[in-house]
Amino acid sequence: MPVITSSNYSAPRVLFTGHMQTIYPVLVRGVPRPPYSRERINTPDSDFLDLDWVINKNSHLVVLCHGLEGNSSRTYMKGMVRGFSDSDFDVLAWNYRGCSAEPNKKPYSYHSGATYDLELVVKHAVGKGYKRISLIGFSLGGNMVLKYLGEDSTDKPDELTSAVAYSVPLDLLDCSKQIHKRSNFFYEQRFLRSFFKKIKEKSEVFTEIDKTKLDQVNSVYDFDELYTAPLSGYENAIDYYEKCSSMNFIQGIDISTLVVNALNDPFLGANCFDQSEFKKTNHVVFELPKEGGHCGFPSFNNQGRYWSEMRALEFVREKQMRGATNSRIFYR
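Reading the values: the criteria
- Residues numbered from 1 in each chain as written.
- Predicted model: local features only at pLDDT ≥ 70, side-chain atom pairs only at ≥ 80, totals over all residues.
- Heavy atoms only, no water.
- Helix = DSSP H or I, 4+ residues; strand = E, 2+ residues; numbered from the N terminus.
- Buried < 20%, exposed > 50% of the residue type's maximum accessible area, 1.4 Å probe, protein only.
- Contact = heavy atoms within 4.5 Å.
- Areas by Shrake-Rupley, 256 points an atom, 1.4 Å probe, with all protein chains shown as cover.
- Lys, Arg positive; Asp, Glu negative; His and termini not counted.
- Charge placed at Lys NZ, Arg CZ, Asp CG, Glu CD.
- Pairing = 2+ DSSP bridges.
- Axes fitted to C-alpha atoms, helices over the stretch in contact; angles between N-to-C directions.
- Core = buried A, V, L, I, M, F, W, Y, C linked by side-chain atoms within 4.5 Å.
- Phe/Tyr/Trp six-rings, centres within 6.5 Å; stacked < 30°, edge-to-face > 60°.
- Lys NZ or Arg CZ within 6 Å of the ring centre and 35° of its normal.
- Salt bridge = Lys/Arg side-chain N within 4 Å of Asp/Glu carboxyl O.
- Patch = residues over 30% accessible without salt bridge, like charges linked within 9 Å, V, L, I, M, F, W, Y side chains within 5 Å.
- Polar contact = N/O pair within 3.5 Å; in protein donor to acceptor, adjacent residues only side chain to side chain.

A. Just the overall build of the protein chain, in detail. What the protein chain contains, in helices and strands, is 9 helices and 9 strands. Expressed along its principal axes, the backbone C-alpha trace of the protein chain runs to roughly 55 × 45 × 40 Å. In the protein chain, which comprises 332 residues, the proportion classed as buried is 57%. Summarising the internal contacts of the protein chain: among those between residues at least 6 apart in sequence, 76% fall at separations of at least 24. Looking at the protein chain as shown, the accessible area adds up to about 14200 Å², and 49% of this sits on carbon and sulfur atoms. Here the protein chain holds 40 positive side-chain charges and 40 negative ones, and the gap between their average locations is 6 Å.

Printed below as a string of structure tokens:
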């Protein structure tokens, strides 16, 4: 599939750095909360997932997967929900374990490779009778989407027709190093504060969680080494990163998929722009805008739509018009 390096995205002139394009949508953009209808489903291991729906009685469902420490109320999620629901798609924005304002019931929660939960959500949607399902993931959610689609072990239904992934940490180790750079101090500290709060709460319930180890955590890598990996069944952070980095699953993807990583994304390491795996596949388009930041892609227009939302809608509609069969190839 083609690698698109001449993307038509151009950031507003006043937002001239990747950091500004990342932060502006979070701090300034206002998107009304969608008219969500919440559903709770149980997992096979006696935990739960909270699903937020917007129903237009369409047979085509768009499933949104949020980023690290996000949820269905994040601005980028609400913007994408609005974009698709205004176009009459049904939309499902699901919350990972422990991300819906209520602690989950297990010592472990979610991680970049927790595709078993995404698989459960997709099967649940198929059981509701949807004829077409498209997946859209942001950052960690984008990694999860690509890993899910490329895995041999997951049972992917025929209803899955297309996918879009934004700001994807294709190489998790590289990104853990990137986020620890001095220029990203603000972002990493924000994540760590959220991690610490959850660990302290969980340690009051689960004796296997030792909150005193938090004194050894100075980076996202440290947290993954001491908590994420062991609680999720991995030997260590390196084992977790190697087994869950979505770059290793690109060749297994057999539905039309768009991956968009902005070249000025402050979260992504150099390996996340490597084109080699994408040039070997007939199903995945890799688009590399020069600008956009991390899960940003702000646009100033009368409709209040961001480029990422319009691009995703364009891609999904193209698959829909072509019949959205797995054998179709998308060329821009």
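Alright, that's what it looks like, and here's the rest.
B. Looking closely at the sheet that holds strand β8 (residues 256-260). Pairing within the open sheet is mixed, and its 9 strands lie in the order β1-β9-β8-β7-β6-β4-β5-β3-β2. Each edge of the open sheet is held by one strand with a lone partner, namely β1 (3-4) and β2 (37-42). Looking at chain direction, strand β4 (residues 60-65) and strand β6 (residues 132-138) are connected through 6 bridges and run parallel. Each residue of the ladder has a partner; that of V63, found in β6, is L135. Sheet contacts for helix α9 (residues 307-321): β1, β4, β6, β7 (160-166), β8 and β9 (284-287); angle to β7, the most-contacted strand, approximately 160°.

C. Spatial organisation of the nonpolar core. Ranked by size, the top nonpolar core spans 44 residues in total, and within it W94, L118, I133, L135 and L149 carry the most contacts. Sorting the residues of this core by element identifies β3 (48-54), β4, β5 (90-95), α3 (115-127), β6, α4 (140-150), β7 and β9 as the ones contributing at least two each. Among the elements that make up this core, the one with the highest residue count is α4 (6 residues). In this structure, I133 is in contact with H60, L61, V63, V122, A125, V126, E159, L160, T161 and S162, ignoring residues within four places of it in sequence. One finds Y76, M77, F84 and V316 within the second-largest nonpolar core, a separate group that totals 30 residues.

D. Representation of the packing of aromatic side chains within the structure. All told, the structure shown has 21 aromatic pairs when counted by the stated rule. Aromatic pair Y96 and Y110: ring centres 5.3 Å apart, planes at 45°, arrangement tilted. A residue pair is termed long-range when its members are at least 10 positions apart, and Y96 in the loop between β5 and α3 and Y110 in the loop between β5 and α3 qualify at 14 residues. Pair check on accessibility: Y96 and Y110 agree, each one buried. The interplanar angle of 15° and the centroid separation of 6.4 Å between the aromatic rings of F191 and F195 together place this pair among those described as stacked. Of this pair, F191 and F195 are both found in helix α6 (residues 185-203), 4 residues apart, which corresponds to roughly one turn of the helix. With respect to class, F191 is no different from F195; both count as buried. Among the aromatic residues, those joined into a ring-pair cluster are F186, Y187, F191, F195, F223, Y227 and F267. Looking at R29, its charged tip hangs above the ring of Y306, at a distance of 3.6 Å from the centre. Between the NZ or CZ atom of K156 and the centre of the ring of Y148, over which it lies, the distance is 6.0 Å.

E. Representation of the pattern of salt bridges. On inspection of all chains with the given rule, the structure shows 19 salt bridges. The closest approach of N and O atoms between R38 and D52, which form a salt bridge, is 2.8 Å. Separated by 14 residues along the polypeptide, R38 in strand β2 and D52 in strand β3 bring together distant segments of the chain. With a shortest N-O distance of 2.8 Å, R97 and D117 are connected by a salt bridge. Here R97, found in the loop between β5 and α3, pairs with D117, found in helix α3; they are 20 residues apart in sequence, far enough to count as distant. Given the relative accessible area of 2%, R97 is considered buried.

F. Highlighting a nonpolar patch on the surface. On the surface, V26, L27 and V28 cluster together into a nonpolar patch covering about 300 Å² of accessible area. Summarising the element assignment, V26 is placed in helix α1 (residues 18-27). Given a relative accessible area of 44%, V26 falls into the partly exposed group.

G. Representation of helix α5 (residues 172-179) within the structure. With 6 of 8 residues buried, α5 lies mostly within the body of the structure. By the burial criterion, the buried members of α5 are L172, D174, C175, S176, Q178 and I179. Of the surrounding elements, those touching the buried residues of α5 are α4, α6, α7 (220-231) and α8 (237-244). Looking at where α5 begins, the residue whose side-chain oxygen comes 3.2 Å from the main-chain nitrogen of L173 is D171.

Structural measurements only, silent on function.
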